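Below, each chain spelled out in residue letters.
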Protein chains: 2
Amino acid sequence: MKKFVYSFNEGSKNMWELLGGKGANLAEMTRIGLPVPFGFTVTTEACSRYFADGGRLSPEIADEILAKMEEVENVTGKKFADAEDPLLVSVRSGSVFSMPGMMDTVLNLGLNDETADGLAARTGNERFAYDSYRRFIQMYGRLVMNIPKTEFDAVFHAQKQRANVRFDVELQAADLRNVVKAYKEIVKRFTGEDLPQDPKTQLIEAVSAVFRSWNNERAVLYRRLNKISDQLGTAVNVQAMVFGNTGDTSCTGVAFTRNPATGEDELFGEFLINAQGEDVVAGIRTPDPISQMEEVFPEAYHEFVRIADVLEKHYKDVQDMEFTEEDGRLHMLQTRPAKRTAVSAVKTAVDMAAEGLISREEAVCRIDAEQIDQLLHPKFKDEAEAAAEVLAKGLPASPGAASGRICFSAAEAEKLAKAGIKTILVRQETSPDDLAGMVAAEGILTARGGMTSHAAVVARGMGKCCVAGCGQITIDEDEKKLWINREVFGEDDDLSLNGSKGTVYRGRIGTVAPDVFPDFETILSWSDDLRTLKVRGNADNAEEAAQALQFGAEGIGLCRTEHMFLAEERLPVIRQMIMAETEEERKKALDRLLPYQKADFKELYRIMEDKPVTVRLLDPPLHEFLPQTEEDFREMAEQTGLSESRLRKICEEMEEFNPMLGHRGCRLAVTYPQIVRMQVQALMEAAIEISREKNIEIKPEIMIPLVGMEKEFADVKRTVTEMAEACKVDHGAEMEYLVGTMIEVPRAALTAGRLAAEADFFSFGTNDLTQMTFGLSRDDTGDLIKEYVDKGILEEDPFQTIDREGVGVLMETAVQAGRKNRANLKLGICGEHGGDPRSIEFFHRIGLQYVSCSPFRIPIARIAAAQAAIHSRKEE
Amino acid sequence: MKKFVYSFNEGSKNMWELLGGKGANLAEMTRIGLPVPFGFTVTTEACSRYFADGGRLSPEIADEILAKMEEVENVTGKKFADAEDPLLVSVRSGSVFSMPGMMDTVLNLGLNDETADGLAARTGNERFAYDSYRRFIQMYGRLVMNIPKTEFDAVFHAQKQRANVRFDVELQAADLRNVVKAYKEIVKRFTGEDLPQDPKTQLIEAVSAVFRSWNNERAVLYRRLNKISDQLGTAVNVQAMVFGNTGDTSCTGVAFTRNPATGEDELFGEFLINAQGEDVVAGIRTPDPISQMEEVFPEAYHEFVRIADVLEKHYKDVQDMEFTEEDGRLHMLQTRPAKRTAVSAVKTAVDMAAEGLISREEAVCRIDAEQIDQLLHPKFKDEAEAAAEVLAKGLPASPGAASGRICFSAAEAEKLAKAGIKTILVRQETSPDDLAGMVAAEGILTARGGMTSHAAVVARGMGKCCVAGCGQITIDEDEKKLWINREVFGEDDDLSLNGSKGTVYRGRIGTVAPDVFPDFETILSWSDDLRTLKVRGNADNAEEAAQALQFGAEGIGLCRTEHMFLAEERLPVIRQMIMAETEEERKKALDRLLPYQKADFKELYRIMEDKPVTVRLLDPPLHEFLPQTEEDFREMAEQTGLSESRLRKICEEMEEFNPMLGHRGCRLAVTYPQIVRMQVQALMEAAIEISREKNIEIKPEIMIPLVGMEKEFADVKRTVTEMAEACKVDHGAEMEYLVGTMIEVPRAALTAGRLAAEADFFSFGTNDLTQMTFGLSRDDTGDLIKEYVDKGILEEDPFQTIDREGVGVLMETAVQAGRKNRANLKLGICGEHGGDPRSIEFFHRIGLQYVSCSPFRIPIARIAAAQAAIHSRKEE
């Protein structure tokens, strides 16, 4: 027969899947001789059985629990329901992954009218006995009977008023008897029945209630948010009570072996005299710092310091511990790995490696790569943010903190920035035309668009704070008005944004710069030693490239050339190119663009030198460059000599129903090979000149976007190589170069074998590949994806973390087919997923050679790549 | 050493890949003892070598050709370049697939100043010699030297005017000598050199030019239109000349063993006295019907009738033959399977099967399923046609009915077609240059040329309505004017043509669906016996369903429910549903839609009875139902009581950047389960009521669109089944029903195994699947796809014929994975490709159970399905 209940001396920390985290650690502490009150764990398998049996604890399991209780009675020498010296126990949930505050607890179980008096008599402490009893009824009432907390709180508060006291501890035994009496009446009123007096009934009901609580709303929400499977279930720990509330001779506390905020190697925690565990967490009274315990209970304190040291050394990680000191004796009630800030995580990992406690691999794996993002963006002062008024919530599209004046157009933001005024750019949704304004603004707020909308992607790329898809706001760009909850904001108002939370605040909030500290550098350099995946940055200009280098980029994986055309003096020229009615006109406009583009590339190569730079040919549909505002049209009409109405007609003709699936990417290159020729000439000449200037070897990588057919690639490749070879001849230069393709159209992945015959490299454009594989436009379905995640239809946003079952299958197929046909095929990825740790793990596994991500995510990628390498080495 | 040249007595019809169609059939006719002038074929492999060698005929091949010429000299007893009795030859292309009018021909090669006189002397017929010589120079000049036809025509025309004659044959020897002189001057002027006098040079140049012409523009276009591979290459046939232009004792002609327009079993063709082959085709004079030959050349005629019969029996197919009768002796110059109209194809196939000439399988395979489309095109409404004014009558060159605007050039027809304007192309006579315009026009009207003129042959081939040789009309192509009986018509006027009668009507005439005639029924019923793939129709309402049934549908594979909402009285209600601000308002609107939708389904079931009907849940994005015009908004404002500006705002908010990838399909069903409930209730109640009314068993098939994730499907399926079961309970009915998914998102195909665990059936939505797999919006990239096809990047439009390498791979993957997880999974396809013969072949091969297509393509699908079954049986 399956065993569903384990004594603490039957388990160990390795049994965490069966016993839950708390149970396994209680068993482990027992195993290594630490003072743990005796008890047992009802397993997670019992929880599964509970649900399999339709939400019913089977008689077999109940019997096993009660049998185990007898063992507890034997060990403690007390008896359940014994009126003279009653055995009391705590009943606490303990799931596989720590879910703090999520699951419920009952203390002092075993008390009833008789045993409460017995406890009072035996301890000579009636106050303690009734304090424990009222606590039991309240917790039991909530957990088992679903009685609202406010019911009990009201009674307790009234009693404090009647007794005219401020703190709980000031209530006397008689007061607490009154409370208990009133509590029992609440139970009767709510359930129609008396509080169960039989401790065994109490126990079985409490265990069942803990199991039940696995599916309560906040537990489900927490699991969803933290991506914990609903299938795991929780264990239940039943443990002999020890009491921190026997009087001023006792206390209870929680502490960390190191500072969880800063990482300092110091015992960090709090304790409360005459209290039970939940008082510390609930903030009933303000607890004292743990260090002060040394004065009050010196012996117990030194014992605790010793135990903390033992635990950290034993677990080789920062521990988060709960303890109770009862009349001079210390008892350990819990230990678990400490949740910590990114700063603390980095410092403790580096320190522990320096102390020899863990290896460098382990140190790197200790870091939550995603959390590292915190370290890379400016942030609000904590107190100031807490005090600010939240006006609305949108998507946390790009982390950081920003305050500034509301501004409704890119032009205005630029103007104000020049005048030294900080702005928040507020737009329905941004477009490439807003780019300069986005650079100029402190932060961006949009009403529409998801986590991968234009605003979000570009903002993350530039490390700019952005709150996107904020459905609560309404914008009238013409009237320059912003409605939030019926309140109107205008150009004179200030807003603040927290891009990590998605919050919009009224007014300005002070910020502090992110700390860049040596321990972080250390972790990064260890990561570099350990990883095999290279990390490149996505950078469209020299500035971003410099940023990428600073964060450790080994090259540029994606340089989008279209952004080079958006500068004020260039936009009219590219518009002329688009509007050209003859080949000659088009050529003329392109000739004018050439020097700009060449200068851009030269700057880029000056910074990147001989590091690889992948330049993508013009990608967006040409209509993105066309005039949109009245003023644009006026200007354009002046420049071209065409009438405004004619210009409008041309623009209308170029409009597309579904621009994402329209005339863009390599399709432009097929239709307008002149553009390709100009771009390739600019690139090759820049590379040749800088390689001579710096006496270095540059090997340009030219990337063709949106390829779906082998002949499409071949067609554009022919244009590219013809021009590249011509440049080499013209300049008498020897220069190798690569011509590769993006894999971002499903068909490219499906026909990758044939593409590899022509292409020198593949770079997966996972943004578009995800859009097309799912048939989901990220600009249009931000809300839908949120709805899907909330409903559990999607486990996570596939634009954040790669979808292994669909998109991932296409990628793996492409990698295998590609490499089969070309052994030395270079394989990388340049979509947003390149900066996502869980995606990086997948990219490592399928054998890509590099990831490329926005500069601010490069450190995250370096760590994630190291972790991926370590994990896969372990798996081998 | 490889053999590149075969005498006619070395080949046979089975060697068509090597010898081309013409060469193989000349060899075959020689083999079975028919009178064929001796000659040889230069193989298609020589053509490939020609291009492999960079467009140069290698000396080895040239030597082989000249060596073969000696054999021809021996057989004919004449000598090349012999001034006394010169050997003349024709040089004609002959590719693997017949490409009428596409490739070029040189007759009378071997003539020069000396041999022309020799020929005149020997035959005593100077006129004949110089008529032959001028023909040679003109054809050689065009083919080898690219001299424009107009140059020669101008000279010839001038000479006719000078001689004051109407017909070519009226020119005398002296006139023709002048023509030859002028022609040679043209050659000198254009090439800077004299016409080559050495017949061997002429021969080698001509062979090379034929090879070269394989890649001329119109040949490439023809191949593209007819999906013939560019790789095949052409062979060249060199054959001793026989002469139909020796005088009134000779003639030349073309004929079919059966009527290529009607299929009647009668010799059908034309002949011209004193002419060479191309005169018949070019429409220089109007030829006489072949039956009249019996009077003029009775012996030759009877010999020809006998040979025609031999050939048809030998080839077991209708033959298209060319012959020349020279001074009483009949010579066969060509035989090939006859191009025929769909009517003719059907009738001859059925007749030949009845005659025991071919089996039913062969009869079915004889039908070009795509061509059957001709029979299914609308024809004029009888009364409307009877009432229309007949302006003129020409030859019924290619059947069908067409109305459109008059258009005088191919370029104009193309331009108007792009703008969606239907045209009638009106030409003196068409030439290969007009091909693209003929494709673009609705119908073709020519003033000159017979039933076998270029216009007639090409129009029949493409199933385009054509009235040819309409002598009553006069055309001024430059002035863009058309005179009919002294009335002038211009570009603003409309005409209608009946190609089966040869009538030209004033204005436009309304059309109706065609009748299916008995022979066609026969072919369809044989097809039904032979096929395994079921054929369903796509029908959104009872009328379309009835049409589908009439064409033989075995069920409805796709009923789009959204069209049910577009009726005048319903649209306001669905708009209210969309605009609803509360659940209650939405419910109210849906309650009003329910009876409409239910009534629609009842009508549908009344017609389809117990045949399967797959109903798709609401698919398009809701904004498609919203107001668009000023008036719409005004109406809507009245109906809803909301202000127009508020309505506009709501509409704007619902706009999407890429609606195809937006909030539609099952995503609507997830967000608005109320809509699903209404639709399922309407469907189930309709099915229950009709099943009782008619006492039949109905098994509704409910299809969920745009699924990409298994949980998405599960979510909607839950809503569907809950409502379906509730309906069953409410109405005390037993009713089985299926819930299946469309496979139209690439991810659905990639995760089909898991989807099959939940779905009862898959229906491939190949339109969207193609769009997403290619990342191509067909609404935006029509021009691009054309450009890609023209450039050879795409072999064909993937929205017409399934892309086997990309989309097909996804489909096959899905079929295999789906069936593995659910053995009885129903598999079908309901995209446009369901009516495309080559796609149907693929669907049969991958194991689908049915295709569903638009009603008018059902007969095509039935035949194509039978052919697929026959072919795959053969392959086994």
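Residue positions are given per chain, counting from 1 as you read along its sequence in written order. Chains carry letters and ligands carry numbers; both start at the beginning, A for chains and 1 for ligands, and go up in the order they are written. In view of the model being predicted, local features appear only for residues whose pLDDT reaches at least 70, and side-chain atom pairs are presented and counted only at 80 or more, with totals across whole chains, interfaces and linings using the full set of residues. Hydrogens and waters are ignored; side-chain quantities use all the structure's heavy atoms.

A.B. asks: What exactly am I supposed to notice about the packing of aromatic side chains here?
C.D. replies: Each aromatic ring pair is specified by the distance between its two centres and by the angle formed by the two planes. All names here are of chain B. Side-chain rings of Phe, Tyr and Trp (the six-membered ring for Trp) are treated as a pair once their centres are within 6.5 Å; stacked means planes under 30 degrees apart, edge-to-face means over 60, and tilted covers the remaining angles. In total, this model carries 26 aromatic pairs over all chains according to the counting rule given. Either the NZ atom of lysine or the CZ atom of arginine qualifies as a charge over a ring when it sits within 6 Å of the ring centre and within 35 degrees of the ring normal. In this structure, Arg536 packs its charged tip against the face of Tyr850, placed 4.0 Å from the ring centre. We note Arg648 situated over the ring of Phe633; from NZ or CZ to the ring centre the distance is 4.1 Å.

A.B. asks: Sorry if this is basic, but what is going on with the side chain of Ser496 of chain B here?
C.D. replies: All names here are of chain B. The helix and strand labels rest on DSSP assignments: H or I over at least four residues marks a helix, E over at least two residues marks a strand, and numbering proceeds from the N terminus. Here Ser496 is to be found in strand β21 (residues 494-498). A polar side-chain atom of Ser496 sits 2.6 Å from the main-chain carbonyl oxygen of Gly507. Identification of polar contacts relies on pairs of N or O atoms within 3.5 Å, with a donor-acceptor requirement for protein atoms, meaning one able to donate a hydrogen and the other able to accept it, and with residues adjacent in sequence counted only if both atoms are side-chain atoms. In terms of polar contacts, Ser496 uses its side chain to reach the backbone amide nitrogen of Ile509, at 3.4 Å. Any pair of residues with heavy atoms lying within 4.5 Å of one another is described as a contacting pair. Setting aside residues no more than four positions away along its own chain, Ser496 makes contact with Phe380, Ala402, Ser403, Thr503, Val504, Tyr505, Gly507, Arg508 and Ile509.

A.B. asks: When you look at the interface of chain B and chain A in this model, what are you seeing that I'm missing?
C.D. replies: How big an interface is tends to be expressed through the accessible area that disappears when the partners come together. Listed as interface residues are 48 residues of chain B and, on the opposing side, 47 residues of chain A. Taken together, both faces of the contact between chain B and chain A bury some 4,300 Å²; the carbon and sulfur share is 57%. Accessible-area loss on putting two parts together, using a 1.4 Å probe and summing over both, is the definition of buried area adopted here. Among the residues of chain B in contact with chain A, Phe657, Leu661 and Arg747 of chain B are the three that bury the most area, contributing 16% of the side total. Criterion for a salt bridge: a side-chain nitrogen of Lys or Arg within 4 Å of a carboxyl oxygen of Asp or Glu. Put simply, chain B and chain A have seven salt bridges between them. Taking the shortest distance from any N to any O, the salt bridge between Arg747 of chain B and Glu805 of chain A comes out at 3.6 Å. Across the contact surface, chain B and chain A share 25 residue pairs in polar contact (both at pLDDT 80 or more). Every element with two or more residues in the side of chain B that touches chain A is listed here: α25 (644-654), α26 (666-671), α28 (710-730), α29 (746-750), α31 (766-774), α32 (782-791) and α33 (807-821) of chain B.

A.B. asks: For this particular structure, what's the right way to read the pairing of strand β19 (residues 481-484) of chain A?
C.D. replies: Within a regular strand, the side chains alternate between the two sheet faces. Residue and element names in this part refer to chain A. For each residue, the accessible area found with a 1.4 Å probe, counting protein chains only, is set against the maximum for its type, and the residue is called buried under 20%, exposed over 50%, and partly exposed in between. Only one face of β19 is covered, namely the face carrying Leu482 and Ile484; the face carrying Lys481 and Trp483 is uncovered. Pairing between strands is defined by DSSP: at least two bridges between the two strands are required. Looking at chain direction, strand β18 (residues 473-476) and β19 are connected through four bridges and run antiparallel. Within β19, the residue paired with Ile475 across the bridge is Leu482. What sits between the antiparallel neighbours β18 and β19 is a turn of four residues, in which Lys480 has the positive phi angle 55 degrees. The sheet contact formed by β19 and strand β20 (residues 487-489) spans three bridges and is antiparallel. Looking at β20, one finds that Trp483 is bridged to Val488. What sits between the antiparallel neighbours β19 and β20 is a turn of two residues, in which Asn485 has the positive phi angle 50 degrees.

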